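Residue-level structural notes
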Amino acid sequence: DFSTEYFTMNEEQAIEYAKEKLDFFKQDAELTCKEIGDGNLNYVFHIVDGKYGDSIILKQAGPVARISDEFKLSPDRNRIESDILKIQYEYVPDHTPKTYQYDPVMNCFAMEDLSDYEIMRSALIKHEIFPDFADHITTFMAKTLLLTSDVVMDHKKKKDLVKSFINPELCEISEDLVYTEPFYNCERNEVFPATRPFVEKEIWADDVLRLETAKLKFEFMTNAQSLIHGDLHTGSVFIKQGATKVIDPEFAFYGPAGYDIGNVVANLIFAYANGQATIKEEAKRNEFTSYILQSIEDVIDLFKQKFGKLWNETDMELVATYDGFYEYYLNNILKDTAAVAGLELSRRIIGLAKVADITSIEDESDRQQAEENCLTVAKYFILERGQYKTGADFVSLVKKVF
Ligand code: ADP
Ligand code: MG
Ligand code: MG
Ligand code: MG
């Protein structure tokens with residue numbers, strides 16, 4: 001019985017659920033199911049009809065985060081994810097999976113099966129190149145970040161959205177894991193032993209840096225600027241040649257627009273670090289690392305270009321049309337972008353949630369070098385966050401350090 005009380009489904013139950021609850025498969029479908037989740041928080045069921053070839057994804061929120069028993073997460077995050085996917089689909093249908101039914105009892109929703117795409121992080125670790133990524137992701141970010149903001153939205157409607165996307169538990173995870181724990185010797189951190197002396201000296205003993213992270217944490221908690229994705233790393237991007245879809249927005253809430261852009265930039269830098277450390281053949285290495293640098297540059301410059309164009313095409317809040325306001329607003333986004341790139345670079349090296357781009361570097365000293373380079377870039381981004389205004393500014397720091 002799926003209608004009275006929440007329980008976590010197994011594969012057989014997911015098939016039953018699909019037959020009973022989803023208005024999707026044909027009557028005489030022959031369904032099989034596999035749980036394909038790779039995350040820590042949720043179950044992802046891939047349900048296929050062997051007879052007619054239809055398929056769907058059912059994502060169910062688990063009751064307790066698998067990452068650690070300390071995180072008790074409300075399954076309401078599944079509503080948040082399903083609701084924001086509808087909003088994102090409205091603004092950027094090309095880059096958002098289509099969703100079907102949401103079920104508040106079972107805390108699950110159905111969405112388009114994207115099995116013909118690949119998770120971008122896995123593809124980048126194989127050093128695949130996707131020339132359209134920067135174009136696609138900047139379309140996604142310019143639209144979702146500007147069109148949900150007070151600059152264009154009716155203020156009361158925007159405040160209703162803020163209310164409906166209050167996401168205290170997942171925000172607390174980010175507050176702890178991104179903004180707090182990496183910057184002191186927290187026992188939950190997992191520092192690669194070879195990198196530990198660098199972390200102790202350059203991060204934990206740097207009071208100037210720590211003060212800046214404290215300021216940034218309070219900005220993250222109080223700046224309800226845009227309805228952000230909140231977890232926009234390359235593991236939340238499904239990609240194939242010519243097409244990009246952004247998934248997994250369960251961390252969504254009203255926060256600083258630069259948070260999403262900074263996450264994209266940092267995760268491209270992890271791919272760069274991986275390519276530099278692991279591609280032995282010089283021509284191949286240069287091709288891949290140049291592609292990554294170009295993508296970083298384009299993410300910034302195309303975002304600015306599309307954001308500016310959309311700004312000019314859209315009806316604005318009156319005061320937002322004052323001379324100089326656009327520059328002020330964009331500069332704040334770029335400043336947050338640099339800062340968050342620095343925070344993400346730090347927390348994935350020091351904190352407990354790692355990225356495979358780095359952990360898959362087998363040689364110990366190569367990995368140490370990659371980690372120290374990421375942390376060095378991170379410090380510049382955080383401490384000098386007002387100074388990165390063009391794609392070239394971001395790229396030249398990476399080139400200088402690596
Ligand atoms: P989590 O919140 O647990 O990280 P994700 O939404 O990132 O869950 O999904 C976990 C994995 O499930 C993805 O990495 C991907 O392999 C698979 N997956 C998720 N959504 C889809 C989809 N729409 N189509 C195909 N596979 C999917
Ligand atoms: Mg995951
Ligand atoms: Mg995920
Ligand atoms: Mg997730």
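Every chain is numbered independently, its residues counted from 1 as its sequence is written. Chain letters and ligand numbers both follow the written order, the letters beginning at A and the numbers at 1. Under the rules for a predicted model, residues below a pLDDT of 70 receive no local features and side-chain atom pairs below 80 are neither given nor counted, while totals for whole chains, interfaces and linings still include all residues.

Next up on the list: the overall build of the protein chain. Looking only at helices and strands, one finds 14 helices and ten strands in the protein chain. In this treatment the radius of gyration is a C-alpha quantity, and the globule benchmark scales as 2.2 Å times the residue count to the 0.38 power. Taking 402 residues into account, the globule formula puts the C-alpha radius of gyration at 21 Å, and the protein chain, at 21 Å, falls close to it. Projected onto the principal axes, the alpha-carbon positions of the protein chain cover approximately 60 × 55 × 40 Å. The long-range share in the protein chain, meaning contacts at least 24 apart out of those at least 6 apart in sequence, stands at 72%. A helix here means a DSSP run of H or I that spans at least four residues, while a strand means a run of E at least two residues long, and both kinds are numbered starting from the N terminus. Whether two residues are in contact is decided by their C-beta atoms, placed from the backbone, lying within 7 Å.

Attention now moves to the sheet that holds strand E3 (residues 55–61). Two strands qualify as a pair provided DSSP detects at least 2 bridges between them. Spatially, E1-E2-E3-E5-E4 is the arrangement adopted by the five strands of the open sheet, whose pairing is antiparallel. In this open sheet, the two strands that pair with only one neighbour each are strand E1 (31–35) and strand E4 (99–103). With direction set aside, neighbouring strand axes in the sheet form an average angle of 20°. Relative to strand E5 (residues 108–112), E3 is paired through five bridges, and the arrangement is antiparallel. By the bridge assignment, leucine 58 is partnered in E5 with alanine 110. Interaxial angles span 0 to 180 degrees and are taken between N-to-C directions of axes, which are lines fitted to C-alpha atoms, for helices over the stretch in contact. Relative to the sheet, helix H1 (residues 11–21) contacts E1, strand E2 (42–49), E3 and E4, its axis offset from that of E1 by approximately 130°. Along the sheet, helix H2 (residues 77–91) contacts E3, E4 and E5; its crossing angle with E4, the most-contacted strand, is approximately 155°.

Attention now goes to the domain arrangement of the protein chain. Split by domain assignment, the protein chain resolves into domain 1 (11–112) and domain 2 (118–401). Each of domain 1 and domain 2 has a C-alpha centre, and these two points are 27 Å apart. Across the boundary between the two partners, domain 1 contributes 16 residues, which contact 20 residues of domain 2. Residues are grouped as follows: Ala, Val, Leu, Ile, Met, Phe, Trp, Tyr, Cys and Pro are nonpolar; Asp, Glu, Lys and Arg are charged; every other residue, Gly included, is polar. Residues that form the side of domain 1 that touches domain 2 fall into these classes: nine nonpolar, four polar and three charged. Note that the domain bounds reflect an automated or database-derived domain assignment.

Definition of nonpolar core: a set of buried Ala, Val, Leu, Ile, Met, Phe, Trp, Tyr and Cys residues joined via C-beta atoms within 7 Å. In this scheme the burial state of a residue depends on its C-beta neighbours within 10 Å: 20 or more other such atoms mean buried, 12 or fewer mean exposed, and anything in between means partly exposed; the C-beta positions come from the backbone. Grouped together as the largest cluster of nonpolar side chains are 111 residues, with contacts concentrated most on Leu58, Val265, Ile269 and Val299. Here this core takes twelve residues from helix H9 (residues 258–278), the largest share from any one element. Two domains each put at least three residues into this core: domain 1 (11–112) and domain 2 (118–401). Contact partners of valine 265, with chain neighbours within four places excluded, come to Ile296, Val299, Thr337, Ala341 and Phe394.

Another point: the UniProt feature "domain: Aminoglycoside phosphotransferase" (unreviewed entry) in the protein chain. UniProt positions are given in the numbering used here, feature names are shortened, and annotations may be inferred rather than shown by experiment. As recorded in UniProt, the sites labelled "domain: Aminoglycoside phosphotransferase" (unreviewed entry) are residues 208–268. In the segment residues 208–268, helix accounts for 43% and strand for 23%; the C-alpha atoms at its two ends are 26 Å apart.

Bringing the sheet that holds strand E9 (residues 243–246) into the picture now. Here three strands make up an open sheet; going across it, the order is E6-E8-E9 and the pairing antiparallel. This sheet does not close on itself; its edge strands, each paired only once, are strand E6 (118–119) and E9. Sheet topology note: the E6/strand E8 (residues 237–240) ladder contains two bridges and is antiparallel. Counted as the bridge partner of glutamate 118 is isoleucine 239 from E8.

With that settled, the discussion passes to the confidence of the model for the protein chain. Low pLDDT marks stretches whose predicted atomic positions should not be read closely. The predictor attaches a confidence to each residue, called pLDDT, with possible values from 0 through 100. Overall, the predicted model of the protein chain reaches an average pLDDT of 96, with 97% of residues at or above 70. Note on the complex model: pTM 0.97, ipTM 0.97.

Right, let's talk about the environment of valine 152 for a bit. Positionally, valine 152 belongs in the loop between helix H4 (133–147) and helix H5 (155–164). Sequence spacing of valine 152 and glutamine 276 is 124 residues, and the spatial spacing of their C-alpha atoms is 42 Å. Those residues in contact with valine 152, other than ones at most four positions away along the chain, are Leu146, Leu147, Thr314, Asp315 and Met316.

A separate point is the pairing of E8. Across four bridges, E8 lies against E9 in antiparallel orientation. Bridge pairing in E9 places phenylalanine 238 opposite lysine 245.

Let us look at the packing of helix H7 (residues 196–204) against helix H13 (residues 364–383). As a packed pair, H7 and H13 sit with axes 11 Å apart at the nearest point and diverge in direction by 0°. Judged on the interaxial angle alone, H13 and H7 are roughly parallel. From H7, Phe198, Glu202 and Ile203 reach across to H13, where they touch Glu372, Leu375 and Lys379. When its residues are assigned to classes, the contact of H7 with H13 shows three nonpolar, no polar and three charged. Each angle gets one of four labels, with under 35 degrees taken as roughly parallel, over 145 as roughly antiparallel, 65 to 115 as roughly perpendicular, and the rest as oblique.

Quick look at unusual backbone geometry now. In the Ramachandran plot, asparagine 107 falls in the positive-phi region, its phi being about 50° despite a non-glycine side chain. Residue position: asparagine 107 is located in the loop between E4 and E5. On the basis of neighbour count, asparagine 107 is assigned to the buried category, with 23 C-beta atoms found within 10 Å. In this structure, aspartate 248 is a non-glycine residue whose phi angle is positive, near 60°. Residue class for aspartate 248 comes out buried when judged on the 23 C-beta atoms lying within 10 Å of it.

Turning next to the environment of histidine 46. Within the secondary structure, histidine 46 sits in strand E2. Since 18 C-beta atoms lie within 10 Å of it, histidine 46 is described here as partly exposed. Expressed as a C-alpha distance, the spacing of histidine 46 and glutamine 368, which sit 322 residues apart in the sequence, is 38 Å. Look past the residues within four positions of histidine 46 in its chain and what remains in contact with it is Cys33, Lys34, Ile36, Ser55, Ile57, Asp113 and Ser115.

Quick look at the packing of helix H8 (residues 207–222) against H13 now. The geometry of H8 relative to H13 is characterised by a closest axis approach of 10 Å and an angle of 60° between their N-to-C directions. The orientation of H8 with respect to H13, classified from their angle, is oblique. Like other packed secondary-structure pairs, H8 and H13 cross with a definite hand, here left-handed. Two secondary-structure elements touch here, H8 through Val208, Leu209, Glu212 and Thr213 and H13 through Lys379, Ile382 and Leu383. Two helices that cross are described as forming a left-handed crossing if the nearer one is turned anticlockwise from the farther one by less than a right angle, and a right-handed crossing if clockwise.

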